[in-house]
Each structure stands twice: as C-alpha cells, then as structure tokens.
Number of protein chains: 4
Amino acid sequence: MKNVIGNNLSVTLFGESHGKGIGAVLDGVPSGVKIDYDIIARMMQQRKAAGTISTGRREDDIPEFLSGIKDGYTEGTPIAFVIPNKNVHSSDYNALKNIARPGHADYAGHVKYRGYEDASGGGHFSGRLTAPLVVCGAICICMLQEKGITIGTHISKMMHIEDRPFDEKHLEQDIALCNAKTFSVLDEKKGEQMIALIEDARNHMDSVGGVLDTAITGLCAGVGEPEFDSVESCLAHALFSIPACKGVEFGSGFDFSNMYGSAANDAFCMHGKEIITKTNHNGGINGGITNGMPIRFKTVFKPTPSIAQLQKTVNFQTKENVDVEIHGRHDPAVIHRARVVVDAMSAITVADLLITRFGSVYFGGEKQ
Amino acid sequence: MKNVIGNNLSVTLFGESHGKGIGAVLDGVPSGVKIDYDIIARMMQQRKAAGTISTGRREDDIPEFLSGIKDGYTEGTPIAFVIPNKNVHSSDYNALKNIARPGHADYAGHVKYRGYEDASGGGHFSGRLTAPLVVCGAICICMLQEKGITIGTHISKMMHIEDRPFDEKHLEQDIALCNAKTFSVLDEKKGEQMIALIEDARNHMDSVGGVLDTAITGLCAGVGEPEFDSVESCLAHALFSIPACKGVEFGSGFDFSNMYGSAANDAFCMHGKEIITKTNHNGGINGGITNGMPIRFKTVFKPTPSIAQLQKTVNFQTKENVDVEIHGRHDPAVIHRARVVVDAMSAITVADLLITRFGSVYFGGEKQ
Amino acid sequence: MKNVIGNNLSVTLFGESHGKGIGAVLDGVPSGVKIDYDIIARMMQQRKAAGTISTGRREDDIPEFLSGIKDGYTEGTPIAFVIPNKNVHSSDYNALKNIARPGHADYAGHVKYRGYEDASGGGHFSGRLTAPLVVCGAICICMLQEKGITIGTHISKMMHIEDRPFDEKHLEQDIALCNAKTFSVLDEKKGEQMIALIEDARNHMDSVGGVLDTAITGLCAGVGEPEFDSVESCLAHALFSIPACKGVEFGSGFDFSNMYGSAANDAFCMHGKEIITKTNHNGGINGGITNGMPIRFKTVFKPTPSIAQLQKTVNFQTKENVDVEIHGRHDPAVIHRARVVVDAMSAITVADLLITRFGSVYFGGEKQ
Amino acid sequence: MKNVIGNNLSVTLFGESHGKGIGAVLDGVPSGVKIDYDIIARMMQQRKAAGTISTGRREDDIPEFLSGIKDGYTEGTPIAFVIPNKNVHSSDYNALKNIARPGHADYAGHVKYRGYEDASGGGHFSGRLTAPLVVCGAICICMLQEKGITIGTHISKMMHIEDRPFDEKHLEQDIALCNAKTFSVLDEKKGEQMIALIEDARNHMDSVGGVLDTAITGLCAGVGEPEFDSVESCLAHALFSIPACKGVEFGSGFDFSNMYGSAANDAFCMHGKEIITKTNHNGGINGGITNGMPIRFKTVFKPTPSIAQLQKTVNFQTKENVDVEIHGRHDPAVIHRARVVVDAMSAITVADLLITRFGSVYFGGEKQ
C-alpha cells in the first residue's frame, strides 16, 4: 500500500529530501519494549555520510520522537518521529529542472506525479529517506534482542575485491564484529582495498556498487507462510524498497544453478536434542518457512547514479537531447551506508513475522 | 496476508497436493475482459509434466470455473475455480511420515502447523499449487493483451549451459518464440543440451536447477511506488512465492557489483517523440517506478529436492537420525515448468499495479 | 479489499446465485482446531429457508470441503469449500432483464459491472451468498468455544412487536436458548406474533424487516484498537457486509441521545477480584477496546425488497419507466434467517481480533 | 491495521493528548490537487472548542505540513503534518492515575497496553486525536470538490429537541448552510434550545450526546463493493473510529423495522435522461453500491463521559472501589464538534472508494 509496509507491524514513511523534514510512523510495536538509544545512535551513525568516501551533505539526523515512547519504554501506540532537513542546497538542483538524470527516478517520477513532484535532491526518492527506516529498524532490533535474535551485514564484494565469508561456526561473533564497524568488512585489509577503490572512483568522477551479505541468528523454526508471505517474499519486498537495491538471493542463491540436488539439499541431523542442518544452502528457509537455521541472504546495490562526469540525456519537458553534469554533493558509493539499512529492513520484517505468529503480546511485557 | 496476495487484484490460493482439489479465487478482475481459453490451455500445458524430464504424476489440470465468468467474459465478481486431484498415490508417502526430507518444508511445516499438516505429496507446499497460479496468471495475460503488454521467459542458464540472451532489438519476437515452446529456450541447440543434462541427472538419481530470464514489454512509464511498493518489491514478493525460487535480480542485477556508475547508468535519449534509454541495465525501473523500457529480471530455481538417492536426515517425531530414500514420482528439474509460473506471477503483479494506478475501469469495458 | 475481509483471519467469498456454486476460503485458522460439524449443521439449518415464512427455494446447502481440514481438525492451511447451486430457476428472472427491481442492487450493480453482471437471482448480491459466511462463522465458533466465548442473537423487534430483552444476569442461558431455536426469540409468545405478522405480510404480497439484538460473552478485556480498528469499527464493517443490514448500534446506541452522561457512564466496581461495570450502556467497549463485559449490539434489517406487488421502476437499458411484478421464490422476511449470519460475522471478527492480539498459536494446539 | 485506515488512500494517525504533538500521514492523494487552505481553516475552527459549551483547553491547532505539498498543490507523495500540543495541564491527571474513569478507555487501555500507556488527557484515546483526522478530511474535500461532491452534517437530535430534517429538494443549499455554521443546525431556534440544554448540563456537572444527520451529494452510481467493502461497511468502519460514536444507520436505518417492503422500496424513475429514485430510504446505497442518489446516514454520539460529579469506580492497580471527581477541562457536549469529524471521515472514505474505482489519476491532473 504505497508508503506503508507491514502487516501487524507497519512503517509509514514520509518526506522529501529538500522539504521541511522526513520521518516515519512505526505502528504495532507492543507496549513495554525498552528503547536502547545507543542502538539507534550507532545505526544512525553508521548510515551517515563520513570521510572522503561519502557525500558532502552533513546532517545530524537526530530523530525527534513525537509519540509512542515514554520514560524509555514503548507505550504500544504509534511511534512517530521527524528528522528535520537542515543542510539543504536546493540551488544545486535548479540547473537540473526537467532533466532526466541517468539512473535516477526523475523521469519515471515525473510521469507518475504528472509534473507536481518536488524533484530537488531526489525528493521522495532520495536515499535520505532511508534515515527514518534505520530509526524504525533500530527500534525493532530492541525488540528482537529480547528474544536473542541478532542481525549483521558485511560488504562481501565490490568489483574484484571479496571480503572473507561469514564464519558459520562463529556467526554471532562475526555479526558482533560487523555491528561494531562503520565500514563493515570481516577482513580489515579487504576493507582498505575497497575504500581505496571508492576514492579512486570519486577521483575519476565515477562511482561503484557492491554486494552485501546478511545473517540473522536466533530465529525459531515455523515462522512465515507458504507461497505468498514466504519469508523470502516478505524480506525481498522490504529489501527492494531500499533505493539502489537491484537483486536479492537467499542461501546459495544464483549459485544454485550450478549445483546438483544432491549437493544443494541440506541434510538434517540431530545436534543434541535440537534439529539442525549440516549445510545451509537454503539460507534457513524451507518452503517459505524458517527451519531454525540462520537466515542468510545477499543483496546487490548498483553504483550511485549521481556522477560528476558529463552524461547524455534528455529534457523531458522540451523533449530534447541534452548533456548534463551533476554538481551538488554525492556519494561515490552507498554500499557501506546501505548495509545498516538492510539490517533495519530485515529487523522490521522479522519483527512483523514474529508478531503475526505469536501476537502483539510476544514482545515487551507487563509494567511492574 | 498468508494465502492472499495483491492489493486491488488479489489471488486467494487453497488446496493440498493429496486433498480433494486445489484452486484459487481471483478477485478484482474488471468486468468485460474476454477470456482467451487458448491462453489458459497453452500455459497449463506448458506447466504440466511431460516426457522423461518430468514427474510421472499426470493430471489433466483442467480448471472448473465456479463463478465470475459468463459467456466468455468476466463479470467483475470473484473468479473461483477448482482443479480436482485425481492421480493421488498417498501410499508413496506413508514411509515418509515424520521424516524431514532434505531441502523440503516437511520439518518447517511441521513446526508451523504443530503436527496437523497434511504432508502427503508436500501438502500445501507442493509445487502442484502452482497450477492455480497459472490459471490466474493466464486470465491476467488476457487483460494485459488489451493494452499490448507481452510477457515471456526463457531458461537462460543450467549448470554450464547458457542460452543466448533476449535480442533487445526484437524483444517481442523473442517473447513470442518463448511462448510457443514447451521447453523455452531461444537457441534450440542449447535446449537439447539442457534436456540431456536433465536426463543425465535423473539417471543419476539427481536433479538440477537453473536461471530464468524474463521480459515484459509495453508497460507505460509511471507505474509503481517509491520505496515500499516499488515494482521490484511487488514483483519479487510474487516471484518468491513460487516454490524453489531462491533469487531475483532486476536488469544487470548482481553484475552491478562489477560495474562503474558511468557504465551502469542508462542514458536517456529521444527516439522520435518518445523518451527511451540507450541501454537497460536498470531493467525498466528507476526509483521503483517504470520508465517505459521493457521490464527485465532473472530468477533462480534450486534443484528439485526430491531425489531418489539415499540421504541422511532426521525423524522429527522421534528426534533420531535416519536415512531416507524418496520414492514416488518426481521431477529431475522444474525449471522448464517454472518458467510459465514466473510469467503468471508477473502478469498478476503487473495487472494489479495498473489497476492501482488507472482504476478497475482500465481493463474490460461497457457491454454493447 | 473487495471480496476479502479480515486481517489475520480472512474470508474470501465467491459465487453467484444462479452459477455453478458458491463458497469461500477461510484463511488463517490455526492448526489443531476441532471442527464441530454439529455446529455447522445447526447454523446452516437455522439460516435455511423453512416453512411458510421463507422462500420456496430449497437447497441442501451442504458445504463440500476441499482443503484445510483432516480427520476433523484444521490443518492450518486455507479451508476452502463449495456449496453447489442445484435448485436454480433462472427463467424466473428472464422477464426482469434490465429491470431495476426497487430496493435491489440491479441498477447499482449494472453500473458497477458495466453490463457484464450475472443478475439472475441477485447474482453475487444474492442473500444466498450468506450461506458460505455461515460456514466460516461456524468454524470460528468452534475456535471461540475453546476460550469459553459464546454468541447469540434474538429478534428484538418487528414492527410494534418487541421480544423481551436479554437477561443480563443470565446472559449465557439466554444465548443458549437462542442458539437452540430456529426462530430466535426469548419470549415464545412474541415469536408467534412475529410469525403471524410475516405470514400476513406474505398474504398481502408484502414483506417486513426487524431489529436483531446480539450478545457475546467471555471475551477478555484489552482486545481491539483505538480509533481505526476499534471493536465497533471491525464488527460494523463485518455486519454491514450482510445484505439488507442498514444500521448497527452498540450498547445503548441511538438511545444515548436521550441520556445524560451521569446516566450513560458505566460505573466500574470490584466483583470479587474481577473488575466489572454495574451497567453496560457501552456494550462492553470503551475507546474501541473491550473492557471484559459482554459485547452488546443491535442491527436492523430492512424488509425484503422482493415483493409480488406491482411496482413502478425503470428499464435501465432502454431508459424508460416500466411496471414490474417480481415472480420467483422470495422471503416475506429474512430477519429470522439473518440472525445466524450476524452470529457468523461476529464470530469471524472476534476470532480475527483475538489472533491479532495473541497470535495464530492462540487457538488449536500441538498434535499429541 | 491498527492506526492505519484506507485502501488506496490511507491515513496513519499518531500522538497522545499530552505528548509533544499529534498528527497524521495522508498517503495516496493524487498529484496536482489544489489545497484550499480556507477549507482546512474553516473545518479546524468548527472542530475547535469555543464559548461556554466546550472545554476550557484552547489550542491553535494549526497543522505544520512537513511533506507532500508544494506551492499549494499536492505532489502525490505522502502528506505528513504535526499539530503541536501546547496547552497541556498534565497535573490535572495526576490524581486520576490508575483510576478507571467511567465511560472512558482508561481501564481497557490499561489492559491492552499493560501499564505502559500514557493515560494523561486520554492519551492516544483522546478526542484531540480527531484534529488530524479533520485536516486529512479537509484535504479530501478539496479533491471531492473537483468532482462536484459535497458533504454536510447537522445535529438532528439532542434529547427531546429535534432539528428540522434536510430538505431533499434543496439538499446542496442545506449542506452549504451547515458548512457555514459553527453550531450546525438547520433551524436556528432549535440550535438555541440545544445550546441552552448543553449549558444546563454543564451547570449540573453533567453532559449530553446527540444524533448527527449527514448527506453526501454528487457521488456517481457504481461505487463500492458487494458484501465486504460495501459503502456502508467502509463508511461505518471510518465513522466508528470517531471517539464516542456508538451507532450508524443508513437511510431509514432502524426505522426500517417499522416499515413494510412496499413502503421501504425506493421506486426508480426517469428524471430526464437520468435514473433516480422517488424516495431515498436506502440512503443512496443498494447492495453496498452507490445508486447515484445522495448518501444519507445518521450517527449517534454518547454524552461526554468526563463529568465533574462524584462517581463510583475502581482503582485498577490496587483493585479497590474508589470515588472519583474528574477535574480538568472538559466538554459538556462534543456533538457540535463531532459533526465536522464525521464530514472528514466521510470525505476520506469516499475519496478512497473513488480512487479504488477510477485510479489515482482520477483527481488532480497534469501540471501545465
């Protein structure tokens, strides 16, 4: 439903990049969930632009909570918050009026909104809209923590550079490692190479994308629905909501096309009194339902479309071919910032699935 | 919402593999849409098992329409239909009671349904449930035809064998080529190699998966929503509903991680009075909204989990490690059957997006 | 969403009065709910036409279950069923083609469906569509029984004849009394007068309506939502789905306009360790949320619009004024049949509200 | 879905009476709708407390728009706004901690939110939450104006005092008359009597309710759905979201129980080339679908539960019977303020129904 996502836990998103403010309403959070403000601050910090590899636009991005939280606990009512837009340079965009920036939504949005869109800075399509998503996701992570569920993401690939994979035997430690880092890689040396690559792209007025690898641990078996609300369907729906995400694969994903069934099947076995699988090619999901193993998926983010090079395009008002040079403040890569948005959308989805199965009384509790 | 998908056009799916019948209710189809029964028959035929590369279970799979269609036109009311289950060999499954077949949903479903599930033949998780989806999709294709929208899918990759890509210059011809084939490949020779590979897998009591490549032409710009109901989100939600689908990528997809922004950006240009892009790395979608170019995406299907080899697993009732040999009638590959299910889910999604934008009066019309 | 109702428990309704069959898919019923077929049979019997005060159309109305139930217990998957249409006299309707029967949906439906509707016997608007609703409601009553929740309805008023009110002190006994009756009144003498009134109306080629009074006991406090999904909103949405229902009031309802706040307020008091209210003017709902007292509401049903008298109307095809005499088989009243539909829609709504709050694991259970 | 209402046009509501602010996100408004700020101001003024017959709490209640509107036109993106809470006297509520005010949601909300609710001033249950609804409704009225649809409500009854009914022959004039008044009655003398009654109630530390009568003109035939999303269902769902609303009836409503079918049926007739009905007992709706006649319904609002008299109740924390005197600032009646909330919820519902039928391109338009 347009700008609302979720079934029993929902996010309503609003705002434009150069308007008064952006924000969201997170509805359906049970009462009595303790808000860990450090998690919100950490995740917002990780999403934020920083150093030479990100946009020059700097925003504090501190959410002002309007409702739904009292004395550090959720009330059970909608949690609304606003993040003001302060550092707005709309003049950067005047020269771009009616110009379809390649790879951007300017033209598609112009047709959709019939000329009434506020296109400055990407308007409602701006990557800036991911800030409220991270706030909502951070609150959901507070809920999931109650049940011992952890989520983490690292940059697994950028061009030819590949980070080491998650260590399946010590997944929670690796997740903790990711969550402690601003530039999330497991192998620090690979991270340095990636940063050098991003800086090099910026110096050539270009940009890069990359692949993110995500793990979710501690989620019990039996969650999700066959077919339409499969865990894959729900997660993918949420993940493809993130600007620039162009692919999602679960478990072995596209590599399944290189495997025989005898290799792809995850054999079940007893681990003490617990049922586990020896391998996890299915990424913790069978028939759309969790099987108790870690949820594993990868997402790909395309290179940032805003590049300073001269590009060919059209003016969709005059219907003429034109050249465009995009000035303003842009990221030569967003992949290192996107990773925490992936965690956020995952947390929102998993929390919704759990409330759907176990009810709104599953999280939080009675006030003493 | 569990077994219902869609906003303004919805499918409610029901049935178990070994129950009385399976079926669906397709709601929201505008009145006055002419049903092309040949399209339904063609797509059902293409989904059906055939020859040595598919399951031995043979079902007529002729939908019995109960409501919503009169004199070959939709009435505007819900279209309900049932496909009876006739060729049921439940005895094949008795030996599998409480056994978690590797790669299957038996265990996950057992936890979800708390022991009350009808697991025979995969129950509600069975690939057989895709038959009603194809019927619904075929009806949606009747609607999309009114507006000149076409959809086609070919098997682009199976192990090391790759079909030639769609010819972007003659996309509609290639789509027509696919829709005329039972085993959908563009290069007939590659198709023969793939069939040989499947037969070889079957002979080794094994199975294979593959990658499907889909194109949708004729869809106007401005359809879809930013963020949550992006065209990618809606399509992925629907596609991941198909059993065995484990990955979805749009346009250049995971290959975006190998590209610079300067190469990944699709330059707009005038084509007569029309705005097009020179390349289509974004698969016809910018910022979640269609830009008027063909929609392009790939999906990966894992190898069929039912293989005749002896496999290690557990009995989830007794909580013991056991060996299992899966008899019964199974497919050494489903990729050639899945392709028409991908078309069906795509058609359902696109029709829903169009009704959301242009209303329920967009399709069909006034009776003369 | 058109022909689907409910959030976590949903009903998808289909069929036309003179088509092959009618039915529904009840989705979201937890696994392990024991189906009490006697309740289904009892409620279907009470909905059915009988004697001289109902339509001459006789249908067995035995639902054929297609999925979702095994060995008398729900599986957790969608419960689909069909009720065949056997006793169809479409010829009765030929004379009515393009005639807007007064009080009927013929004209409104004609505009909506643009001439493609199957209007025979009311088509999708027929009161016959309430049969599947009763089946769904009966299954929900099986669930509610697990938690000690009871629902009952009596005819409180027909013209000048008023039944005695529910005895608030012995509500469950009165509910049991209603549920045992085909013509549900608390005072048998009043029932005889009402039946005489209906017969008299029939003899004058006329019809009557009436007011139903419903009570739901055993529902705990804290269920429902403030504002949009208030218990009143959810129940009213479901109740106004019943053909001919034109009014819904909770507790003292329209009589609140005659009361001062000091009289209308329900004083809370301790009843042992339990919090109750001394009066129940609010019908068990405060601020949209249950307060633990019985839910109380009334619904009004208009007189059946099909009457045998000559009536003035139009032919909406030729756009001419015409006279119409409605032959065919009709009810001089539906109020005595509607009462069990009210119970059904109430049960569906309450079950959905409870699953929303307590999860899908609240009902049913683990198989032993 | 909890605090979100609507299908293709949705309102997400947030805020508590004594928190930082209240507001809403109105999503799905097409682009290019001209905002008439005078309508917003007029309706907010009419909702506001005034004179001796309303609460002493005075708030400016000027919405601060954060997104979705530019240069006086809607952009097509979510319209978010905040109304700050300024005039907050929470100390008035300290004495009421854990006290179940009779007729209020304190106890029901306490169970629902498990002790974490912010109960001051009614919290999220406060009538103050209707202010954002009025803003949303006013924007929808801007849309409906484009199509010539008008909505108006008068107080038809308060205790024994009855206003004259709407003049069916001059409905639009009567609607205009209502919309110009702060205390909406058609007969000024009856209004004076009602105001005297409210003042008298206040002087006796008591309160009154009343019945509102609403008319909607200009809505075309063919809108709405049979059964579940009948116009009655959708309107009632929205209307019962308004605090204190306890009954909704359409057309002749509960009075249908006093009528024979021959009187209740609305005869169709030609009016020039237009099809109308001679009477409008059905309130413009047949079978859940509009028939082109004015939509007519009544709503009842209970007397304000906050009265200054000493009342008996319980402390739900200590589980003891207690006496309570409610100080603070309260309304001896809300009916005259509720009327514009009824208009707002009606406008939201009708706009949603029209977008569902005719698409999101129906309102607004292309920018020149």
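Residues numbered from 1 in each chain as written. Chains lettered and ligands numbered in written order. Predicted model: local features only at pLDDT ≥ 70, side-chain atom pairs only at ≥ 80, totals over all residues. Heavy atoms only, no water.

Our focus in this paragraph is the overall build of chain A. Helix and strand counts for chain A stand at nine helices and 18 strands. Taking 21 Å as the expected radius of gyration for a compact globule of 368 residues, we find that chain A reaches 21 Å, a close match to that expectation. Viewed in the frame of its principal axes, chain A has a C-alpha envelope of about 70 × 50 × 35 Å. Looking at chain A residue by residue over its 368 residues, the buried ones come to 69%. Excluding contacts between residues fewer than 6 apart, the proportion of contacts in chain A whose partners are at least 24 apart in sequence is 72%. Within chain A, the 43 negative side-chain charges are centred at a point lying 2 Å from the centre of the 36 positive side-chain charges. (Helix = DSSP H or I, 4+ residues; strand = E, 2+ residues; numbered from the N terminus. Rg over C-alpha atoms; globule rule 2.2 N^0.38 Å. Buried < 20%, exposed > 50% of the residue type's maximum accessible area, 1.4 Å probe, protein only. Contact = heavy atoms within 4.5 Å. Lys, Arg positive; Asp, Glu negative; His and termini not counted. Charge placed at Lys NZ, Arg CZ, Asp CG, Glu CD.)

The next subject is the packing of aromatic side chains. Inspection of every chain in the model, using the stated rule, returns 38 aromatic pairs over all chains. For the pair Tyr107(B) and Phe316(B), a centre-to-centre distance of 6.1 Å together with 40 degrees between the ring planes defines the contact as tilted. In this pair, Tyr107(B) is assigned in helix α3 (residues 106-113) and Phe316(B) in the loop between β17 (310-315) and β18 (320-325), connecting sequence segments 209 residues apart. According to the relative accessible area criterion, Tyr107(B) is buried, its value standing at 12%. Centroid distance Tyr113(D) to Phe125(D): 6.2 Å. Interplanar angle 55 degrees. Geometry classified as tilted. Residue Tyr113(D) is found in helix α3 (residues 106-113), and its partner Phe125(D) is found in the loop between α3 and α4 (130-146); the two are separated by twelve residues along the sequence. Accessibility classification places Tyr113(D) together with Phe125(D) in one group, the buried group. (Phe/Tyr/Trp six-rings, centres within 6.5 Å; stacked < 30°, edge-to-face > 60°.)

The next subject is the sheet that holds strand β3 (residues 21-27) of chain A. All names here are of chain A. One open sheet accounts for five strands, arranged β1-β2-β3-β7-β4; its pairing is antiparallel. Here the strands that pair on one side only, and so sit at the sheet edges, are β1 (4-5) and β4 (64-67). Bridge count for β4 against strand β7 (residues 79-84) is three bridges, and the pairing is antiparallel. Following the sheet pairing, Phe-65 is matched in β7 by Phe-81. (Pairing = 2+ DSSP bridges.)

A large share of strand β11 (residues 245-250) of chain C lies buried, amounting to six of its six residues. Relative to strand β16 (residues 295-301) of chain C, β11(C) runs antiparallel, the two sharing five bridges. By the bridge assignment for β16(C), Val248(C) is matched with Thr299(C). Note: β11(C) against strand β11 (residues 245-250) of chain D, three bridges, orientation antiparallel. Note on β11(D): the bridge partner recorded for Glu249(C) is Gly247(D).

Turning our eyes to something else, we now look at the relation of the copies chain D and chain C. Once chain D is rotated about the relating axis by 180 degrees and shifted along it by 0.0 Å, it coincides with chain C to within an RMSD of 0.0 Å. These values place the two chain copies in the arrangement generated by a two-fold rotation axis. Here 100% of the contact residues of chain D are again contact residues in chain C; the copies associate through an equivalent surface. (Least-squares fit on C-alpha atoms with pLDDT ≥ 70 in both.)

What follows covers the packing of helix α1 (residues 37-47) of chain D against α4(D). Relative orientation and spacing of two packed helices are given, respectively, by the angle between their axes and the distance between those axes. All names here are of chain D. Contact geometry of α1 with α4 gives a least axis separation of 9 Å together with a crossing angle of 145 degrees. By crossing handedness, the relation of α1 to α4 is classed as right-handed. Touching Ile-39, Ile-40, Met-43, Met-44 and Arg-47 of α1 are Thr-130, Ala-131, Val-134, Val-135, Ala-138, Ile-139, Ile-141, Cys-142 and Gln-145, all from α4. When its residues are assigned to classes, the contact of α1 with α4 shows eleven nonpolar, two polar and one charged. (Axes fitted to C-alpha atoms, helices over the stretch in contact; angles between N-to-C directions. Left-handed = near helix turned anticlockwise from the far one by under 90°. Nonpolar A, V, L, I, M, F, W, Y, C, P; charged D, E, K, R; others polar.)

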